[in-house]
Each structure stands twice: as structure tokens, then as C-alpha cells.
Amino acid sequence: MTSPAGLPPTGGGDEHRQVKLLAVTACPTGIAHTYMAAEKLAQAAESRGIEMKVETQGSIGAENILDDNDVRSADGVIIAADKDVDLSRFAGKRVLTVGVAEGIRHPERLIEQVLSAPVHTGGGAPTVASAEGGKERSVTYKALMNGVSYMIPFVVVGGLLIAISLSLGGHTDPSGGLVIPEDSFWMDVNNIGVIGFTLMVPILSGYIAYAIGDRPALVPGMIGGWIANTGELYDSEAGAGFIGAIVTGFLAGYLVLWIKKVRVPRFVQPIMPIIVIPIVATTALGMFFIYVIGRPISWVFEHLTSWLGGMTGTSAILLGALLGLMIAFDMGGPVNKTAFLFGAGLIATGNQTVMGMCAAAIPVMPLGQGLATLIRKRLYTEQERETGLASLFMGCFGISEGAIPFAAARPAQVIPANMLGGAVAGAIAGQAGVEDAVPHGGPIVAVLGAVSGVPMFFVAVAIGTVVTALTTVALVDIAERKRGRGAPAGGGFAAGPEAALVGAGVGAPGARAVVSTQDGSGATAAAAPTSAGPGATAASAGAQAVPGATVGAVSAQPLPGATDGAGTTASEPDAGAGSVRAARDGAEETAETGEAVDAADSASDGTGDRAPEVLSGHLTTETVKVRLDARDKEDAIREMAGLLARAGKVADVDELVRTALRREEEGTTGLGEEIAIPHAKTDAVTAPVVGFARSAEGVEWGSLDGTKARLVFMIAVPEAAAGDEHLRILALLSRKLMDAGFRERLLAAPDERGILGVLSEVG
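Residues numbered from 1 in each chain as written. Predicted model: local features only at pLDDT ≥ 70, side-chain atom pairs only at ≥ 80, totals over all residues. Heavy atoms only, no water.

## Digging into the overall build of the protein chain
A count of helices and strands for the protein chain gives 24 helices and 17 strands. Looking at the protein chain as a whole, 56% of its 763 residues qualify as buried. In the protein chain, of all internal contacts separated by at least 6 residues, the share reaching a separation of at least 24 is 75%. Element-wise, carbon and sulfur atoms account for 59% of the exposed surface of the protein chain, whose accessible area totals about 29,200 Å². (Helix = DSSP H or I, 4+ residues; strand = E, 2+ residues; numbered from the N terminus. Buried < 20%, exposed > 50% of the residue type's maximum accessible area, 1.4 Å probe, protein only. Contact = heavy atoms within 4.5 Å. Areas by Shrake-Rupley, 256 points an atom, 1.4 Å probe, with all protein chains shown as cover.)

## Quick notes on helix α5 (residues 139-169)
Within an α-helix, residues lying three or four positions from one another point in the same direction, as the helix has 3.6 residues per turn. With 31 residues, α5 ought to run about 45 Å at 1.5 Å a step, and its terminal C-alpha atoms sit 45 Å apart, in line with that. The axis of α5 is deflected most strongly, by about 30°, at methionine 151, and proline proline 153 appears within four residues downstream. (Expected span 1.5 Å × (residues − 1). Bend = angle between axes of the 7 residues up to and from the residue.)

## Regarding the nonpolar core
Core analysis: the biggest nonpolar cluster contains 77 residues, and Leu204, Ile208, Phe242, Ile246, Leu323, Ile327 and Phe457 have the highest contact counts within it. Among the elements that make up this core, the one with the highest residue count is α5 (12 residues). Those residues in contact with leucine 204 that sit more than four places away from it in its chain are Gly147, Val148, Met151, Phe242, Ala245 and Ile246. One finds Leu615, Val624, Val690 and Leu759 within the second-largest nonpolar core, a separate group that totals 32 residues. (Core = buried A, V, L, I, M, F, W, Y, C linked by side-chain atoms within 4.5 Å.)

## Thoughts on the pattern of salt bridges
Within this structure, the stated rule accounts for 17 salt bridges. Taking the shortest distance from any N to any O, the salt bridge between glutamate 102 and arginine 109 comes out at 4.0 Å. Using a relative accessible area of 2% as the deciding quantity, one classes glutamate 102 as buried. Ionic pairing is found between lysine 633 and glutamate 664, a salt bridge with its closest N-O pair at 3.2 Å. Here lysine 633, found in helix α20 (residues 633-645), pairs with glutamate 664, found in helix α21 (residues 653-666); they are 31 residues apart in sequence, far enough to count as distant. With relative accessibility at 8%, the residue glutamate 664 sits in the buried group. (Salt bridge = Lys/Arg side-chain N within 4 Å of Asp/Glu carboxyl O.)

## A short note on the packing of helix α12 (residues 353-361) against helix α16 (residues 411-432)
Look at α12 against α16: their axes get within 8 Å of each other, and the N-to-C directions meet at 145°. Here α12 and α16 pass one another in a crossing that is right-handed. Judged by residue contacts, Gly356, Met357, Ala360 and Ala361 of α12 engage Gly422, Ala425, Gly426, Ala429 and Gly430 from α16. Classifying every residue of the contact of α12 with α16 gives 5 nonpolar, 4 polar and no charged. (Axes fitted to C-alpha atoms, helices over the stretch in contact; angles between N-to-C directions. Left-handed = near helix turned anticlockwise from the far one by under 90°. Nonpolar A, V, L, I, M, F, W, Y, C, P; charged D, E, K, R; others polar.)

## Here we look at the packing of aromatic side chains
Applying the stated rule across the entire model yields 7 aromatic pairs. Geometrically, the ring pair formed by tyrosine 380 and phenylalanine 406 is edge-to-face, given 6.4 Å between the ring centres and 80° between the ring planes. Residue tyrosine 380 is located in the loop between α13 (364-375) and α14 (382-396), and its partner phenylalanine 406 is located in helix α15 (residues 404-409); the two are separated by 26 residues in the primary sequence. For tyrosine 380, a relative accessible area of 1% corresponds to the buried category. Measuring from centroid to centroid gives 5.6 Å for phenylalanine 457 and phenylalanine 458, while their planes differ by 80°, and the two rings are edge-to-face. You can call phenylalanine 458 partly exposed: its relative accessible area is 35%. (Phe/Tyr/Trp six-rings, centres within 6.5 Å; stacked < 30°, edge-to-face > 60°.)

## Some thoughts on the side chain of threonine 669
Relative to the assigned elements, threonine 669 resides in the loop between α21 and β13 (670-672). Side-chain polar atoms of threonine 669 contact the side chain of glutamate 664, separated by 2.4 Å. Those residues in contact with threonine 669 that lie beyond four places of it in its chain are Arg663, Glu664, Ile675, Ala676, Ile677, Pro678, His679 and Trp701. (Polar contact = N/O pair within 3.5 Å; in protein donor to acceptor, adjacent residues only side chain to side chain.)

## Quick notes on a nonpolar patch on the surface
A cluster of nonpolar residues, Val247, Leu251, Met287, Phe288, Tyr291 and Val292, forms a patch on the protein surface that exposes about 530 Å² of accessible area. Here the element with the most residues in the nonpolar patch is helix α9 (residues 272-309); it accounts for 4 residues. Of note, leucine 251 is situated in helix α8 (residues 241-260). (Patch = residues over 30% accessible without salt bridge, like charges linked within 9 Å, V, L, I, M, F, W, Y side chains within 5 Å.)

## Structural notes on the pairing of strand β5 (residues 76-81)
Along β5, 6 of the 6 residues are buried, which leaves the element largely enclosed by surrounding structure. Residues Gly76, Ile78 and Ala80 of β5 are buried on one face, and the alternating residues Val77, Ile79 and Ala81, pointing to the opposite face, are buried as well. Pairing of strand β2 (residues 20-26) with β5, which is carried by 6 bridges, proceeds in the parallel orientation. For threonine 25, the partnering residue across the bridge sits in β5 and is alanine 80. Sheet analysis places β5 next to strand β6 (residues 95-98), joined by 4 bridges and oriented parallel. The partner of alanine 80 across the bridge, within β6, is valine 98. (Pairing = 2+ DSSP bridges.)

## Describing the environment of threonine 621
Looking at the element boundaries, threonine 621 is found in the loop between α19 (598-603) and β12 (624-625). On a C-alpha basis, the gap between threonine 621 and aspartate 751 in space is 9.6 Å, while along the polypeptide they are 130 residues apart. For threonine 621, the side chain forms a polar contact with the side chain of glutamate 622, separated by 3.5 Å.

## Thoughts on helix α11 (residues 334-347)
Look at α11: 20 Å from first C-alpha to last across 14 residues, which is about the 20 Å you get at 1.5 Å a residue. For α11, a buried count of 10 out of 14 residues is recorded, marking the element as mostly surrounded by other parts of the structure. Along α11, the positions that sit buried rather than exposed are Pro334, Val335, Asn336, Thr338, Ala339, Phe340, Phe342, Gly343, Leu346 and Ile347.

## Describing the confidence of the model for the protein chain
One rule of thumb: low pLDDT means the predicted coordinates there are not for detailed reading. For the protein chain, mean pLDDT is 74; residues scoring 70 or higher make up 72% of the total. Averaged pLDDT values for the elements of the protein chain fall to 40 in α19 and rise to 93 in α20. Within the model, pLDDT remains below 50 along residues 124-136, and this stretch shows 51 contacts once partners closer than five positions in the same chain are excluded. Across residues 485-608 the pLDDT falls below 50, and counting only partners more than four positions away or on other chains, this stretch makes 269 contacts in the model. (pLDDT = per-residue confidence, 0-100.)

## Brief notes about the environment of aspartate 751
Position of aspartate 751 among the secondary structure elements: in the loop between α23 (740-748) and α24 (752-759). Since its relative accessible area comes to 21%, aspartate 751 is described here as partly exposed. Counting along the chain gives 127 residues from aspartate 751 to valine 624, while the straight-line C-alpha distance between them is 9.0 Å. Separated by 3.4 Å, the side chain of aspartate 751 and the backbone nitrogen of arginine 753 make a polar contact.

Following this line, the structure appears as C-alpha cells:
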């Protein structure tokens, strides 16, 4: 929590000392925006004579970590992040929390605001309300997304292990459904998967609570989630499932926040977060769920079962639709279990039709949500798309829990879509008289011969799946339009188009995690000084600098008779590709002759020295082009793919283009500041390769700031090598490209070797 305060705490008595600020930047994928915001904040602070240290929490690890000494001497802390950042270490300091996009767009404004921001008291959640003008999501939304992101690996691992064990080690048994022999290898695999599924609900609850109440809320959240999922504790045949976990997560988080506000003696304060708060919150929440919430859940289970018993003589279509609605509602919760156990119980009486309706509805949710991630990729993050592939696989084996991450992230859109698809599948199966002889569902039971009326069973599943997918896409799209935000929706993690790699298949890890280890680079966010000196200016590529020329007078037009380094006169079309953009605000500072091209001259002096190694050798003279000919984004990507092919590392240019274009459909890779970094993760390349080209007029790339891309980088890595390497390249480029002087030197370099000379500054 925060409270107003007077003058900024300085930690010393020197009223005239230099102001010192700290910042933390982070985005869900931890690639481009994390480092762009860091650079922008550092540059804005330097221009005002303010000392600033920026910690980046990126995918390659936490870098430039703020230590206790940094915090002790700081006057304020800026948190520019779209994911949870632990604020407990900043207690007693002014803290301003905004979205990462604000750090990129308005760093100067944030520096002004942080000096009058509220003081963080250490009693709040990991993130606080956003300052005016910020783009941060609500605490409730971010808490839900935090729980879902930690739950996804458990769903995927548990579901896939169960599916594999059933398919390879199971067989049909009329008395027990799909049975795996006891004491077999596949039973052990199945048991491991069951553990993953058992843990996913407490994990969801625990990390929702953690995002609200910090570490003291983790234990009550997890134990509360376990209680919610264990119906025996409150005399129910079924637990409350993931819906109960969401309830216990929020209850635990806000209960801990309330307990933190209680004033206690000073000698008790050290043990409050590790003993008192967890014990009190866990006990109170557990008893409340068992005696207050659990009883109604048990009552609902019993009465739904009785009500369904009276429906057996009604229309098969109506009964199938009702069972489908119930199966799809809470996926393992009391409503789902009521319908499933009702159908399973009738198998022994010889009525297998009711189980047939349930079996058709069971796979519709995971199959439908998986299909939705394929037909409208731009609405989903990379993590969700990879979860969608796992969901498709689980759906084939009748594991409805594969859809839980999607329902937990967007309950208002996904649950109604699931219910509609489930009702359609159940109604079709009921009308067709589909029967299932075992208490299990999904295509697997039909393949193993437990279903009669197989063709209509698959028709029911297919139609229900399509209905679910199309309804989900429509509802999510409508919600995003109402919110007024662009793609990707993906739970709304990314603030603007994040440079996350995507390929044709499952590549990067699906779980979002904050890496707490430092990679040792210790990279700082301070802007690098330009070699050209203050106000240095150059004419177009290859032309001599004009003595006395002012920055404010430089335009995109080339000087008469100047050459581009290849013998082309500057009077020809597009010859001004290397012209330096006029400095912002029309600053007029005199440039000394030749200074703007010093870096280029040092690399292209005609001595025949070997070109400098850039980005670990992934960028070479073969993959650099002084002038990009393309006029639109698709043509530019095709031209860049052809450029990469010069390095001999591209096995299939067309597939590389298709993969890069698919990435653009999910969200632009135009980063603003006249920069675009299209990229692809695909086996169309045999080794990591990077290309660069300049555009004279610029290519429309849909960037956040509306600028056309003049500096275009393309990165391609194979699936097998798509670990930290592409993240390192993107991080290095994103950080360095925020340096205006570096961009100007890059625009001014006369030829390929000159460009490599400038880019060698990147690393």
C-alpha cells in the first residue's frame, strides 16, 4: 500500500546532493520492451542530470539488480512493468507503478511524477495502483493472470502424462472405463500425471493470493485451493474445482492484506509475515470454506443429481443439451462431476445412452479452445498458443481440464462458449442415440471400441468443437474491441507489440516465469555516448560532411553529387538512404567536418582489414544491405529473407517468409523510433542468422509511435537453437537502438562495412 508524504526521503542531510532514482522494467515475455523502457528511462534521467539505476527483469535473467545500498540512497523508484514486481524491498520509498509502455513513451513525465509519488509502506501487494496516464491492469486482473500462468505447466504436464499412459497402457473395461493394469510402468506414469493435476488447483489459488498479498498469502492460498478441490472435507462427492480455487485465492490474498493492517507490538512484527499471518489466514480461510462455502456446494451436488434422475424420461435432445451444459461449466467441479457420475451410474443399469451424451461433450472444451488458438492467433499470446496445442492433445483423450487455463483467464468469454459447444455436442449425441459403455469420454473411447454409433459420435464432437472455437473467438474479439486495446489479447499481458518469437510448432517454454538469477553481465541501462560528438551531422551516405552545417538544417534530401558508396549519385532516386534524420526540437548545433562518419570510416578505410564480428558472428557483410527496395511490410520481409539466404544458413526461404508473416499477424514487430525487428523461429534456417537493411522512405510497419521503419533487422533461429540465443540478440538490439546517437550513426554509415562498424557497438 502507499500513503501520501511530504518531501522525498533522501537518506541524508545534504539538501544539494544529486537526485538518485531507481527503476525496474519488466514485461511478460521479457524481451524488447523491457530493455527499451530501461534505455528510455536512463536517457531521460541523464538529460536531467539525475543519477538512475535500472534493473531489467528479462527472459535472459534479472540484470543490474538493485541492492540494499541502492534502495537506501534512492529518492524514488519507477516500476514500469506489465507483470508483478515485488515491492517489499522499496518500503519507505516513493514508488510510481505504470505499464512498461509508459516507460518507453513518457520517461520524462515519469521522472517528474515519481518525486511526488506516494511512499510505499510495505503493507501492500506486489504491485500498486497505476499512476495517472499509466496503462497498468487492475490488481484483480493481474492476480488472476499470475495464478493462471503458474498453473499452466501443471495442466500441461499432468494432462499429457495421463493421456500418454491411457493411450499406450490402457484398455477398455466395462466395469471400470479405461483401465491401466496395476503395478505396470504406465500406471506409474499415470500416477505422476495425476499428481500434476492434483497440484494445479492449489497452484492457481496460491499464486492468485501471492499476487495480492505477497509471500504471506502463498500458504493460505495454496492450502485453501487444496481444500476447495477436496470435496471429502465438506461432505461433497466433488470438489469446487478451479472456480473454487479462484475464490480461495482472492479470499486468501485480501484476508492477508487486511491482517497486515492490524497494529501489533513491535516485538511481534518480525514474526508476522512468516508465522502469525500464514497461520491465522490459513486457519480462518480453511474453516470458512469447510463450514460456510462447502455446505452449499454439497447441497448443489446432491440436488442436481436428484434433478437429473427425474429427467431420464424426457427428450433425449433436451437431456443431452443439459448434460453438455453441465459437463462444460466447471470442468471437474461439482456441476461437471454431477453430470459425469450420473451418466456413469446408469451404465450398470444397462442405460449407456446418457454416458454417450456426456462422452461427446467431455472433449469439446479442450478441443474447442485449442482450435480457437489456431484460427485467430493474434488474440492469444505465445504461451496460450502453446497451451492450446497441449489442450488439443488432451481433448483427444477426454481430459477436459486442458481448457481450464483459458476459462480461468477469460471466464466471461470462455465458459459460455464451452457450455454452448458442450450443449450442442450432447444434444446431437442424444438425438443420434450414441452409447458409451465405459465411464470416460473423448475420441479415445471410440477408437478403443467402447462407443456405439461412432460416426455420429465424431460428428457431435466435431460440431461442438467448432461451435466452441467460433464462439470463443467472437466473444474474445468483442471484449478486446470494447476494451479498446489491440492484439494480442492473450490475457492482456503485452503492452504493445512485444518482440516474442513464434514458429510453426511448439518452441519456447509455455510457462511465464521471472528468472531470479543474474547472468553476470551486469549491463547498465546508461546510454552510450556518441562518437560523433554533440550535434554532429552528416550528409547522405558516402557524402562529405559540410563544415558549419547545422543539425536543424539537415533534411532527408541528399546533397547534389554525393555518392552512396557504390558509385550511384545522390541525385538518383532513393540515393539518400543514409541521410540523417533532423534532430528533434530543431536543435541547431554546429558539426565539425567529418565527425559524423568517424565510426564508419574506421571500419571502411580501404585497408582490407577483416570486418568486425557483430552479434557473435550472426550478422555479416553478406546479410547487410545499404538500401532496402521494398515499399510495404510483406515485400520487406521477403527481401530480408532473401538477404539472410546469402549467409548460406537458410534451407527454405519461402517457409522463413511464411513464419515471419505469421508472427506479424499476431502483432507488429515495429518497435517505434523508425525500428522494426521481424523474426522467426523455424527449421527453415540451419543456424541463427541476423540481417539488417535501411529504407530511405521508410516502410509502414504499424509501430506504436506511428513512425515508418527505416532500420530493419531480421532475426531467424532454428527450433533446436531457439533458447537464450534469440533472447540475447533481441535484448542487445532493443537496448542499443534506444540510443538516438547510435541510430544516427547507423543511418549515416556509407556502406556495408561501415554499417558493421557501427553495429559492432552492440556486442
